[in-house]
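Tertiary structure, described
Residue strings, one per chain:
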Amino acid sequence: MAAGGFLLAGCSSEIGRVPLVDTDVSCLHKQMAGPMFLSFPLAANTCQRMSNGGFVLGESKAKPLPLNLKNAPDLQKLADEYGYSYTR
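Residues numbered from 1 in each chain as written. Predicted model: local features only at pLDDT ≥ 70, side-chain atom pairs only at ≥ 80, totals over all residues. Heavy atoms only, no water.

Another point: the overall build of the chain. Helix and strand counts for the chain come out as four helices and two strands. When the helices and strands of the chain are listed from N to C terminus, the series reads α-α-α-β-α-β. Scored against the burial criterion, the 88 residues of the chain give a buried share of 28%. For the chain, the share of sequence-separated contacts (at least 6 apart) that also reach a separation of at least 24 residues comes to 41%. As displayed, the chain offers around 6,000 Å² of accessible surface, 65% of which is attributable to carbon and sulfur atoms. (Helix = DSSP H or I, 4+ residues; strand = E, 2+ residues; numbered from the N terminus. Buried < 20%, exposed > 50% of the residue type's maximum accessible area, 1.4 Å probe, protein only. Contact = heavy atoms within 4.5 Å. Areas by Shrake-Rupley, 256 points an atom, 1.4 Å probe, with all protein chains shown as cover.)

With that settled, consider the side chain of Gln-31. Within the fold, Gln-31 resides in helix α2 (residues 24–32). Excluding its chain neighbours within four sequence positions, the residues that come into contact with Gln-31 are Gly-16, Met-36, Phe-37, Leu-38, Ala-43, Thr-46 and Cys-47.

It is worth spelling out the confidence of the model for the chain at this point. Interpretation of the predicted coordinates at a detailed level should be avoided for regions scoring low in pLDDT. In the predicted model, the chain carries a mean pLDDT of 81, and the fraction of residues at 70 or more is 82%. By mean pLDDT, helix α1 (residues 2–10) is the weakest element of the chain at 45, and helix α4 (residues 73–82) is the strongest at 97. Within the model, pLDDT remains below 50 along residues 2–14, and this stretch shows 14 contacts once partners closer than five positions in the same chain are excluded. (pLDDT = per-residue confidence, 0-100.)

Structure below.
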């Protein structure tokens, strides 16, 4: 039982994202829309995935992955404006 608790505690879901459901585009649109109306930089920081895959133990060496903004020219424009890396 202790090992199961450790395994569950070792992984944290990325803030703002619904695991296995949200894409970068859907997460950004959701964060920038009602009731919070976050700016693009805040929404991007909330939705951006990390290279450690959300695993707590590798957090110190994790780097942000480029946002996947395929078919979202509005978000690509904002990413360019604020200097975020992304894939088209």
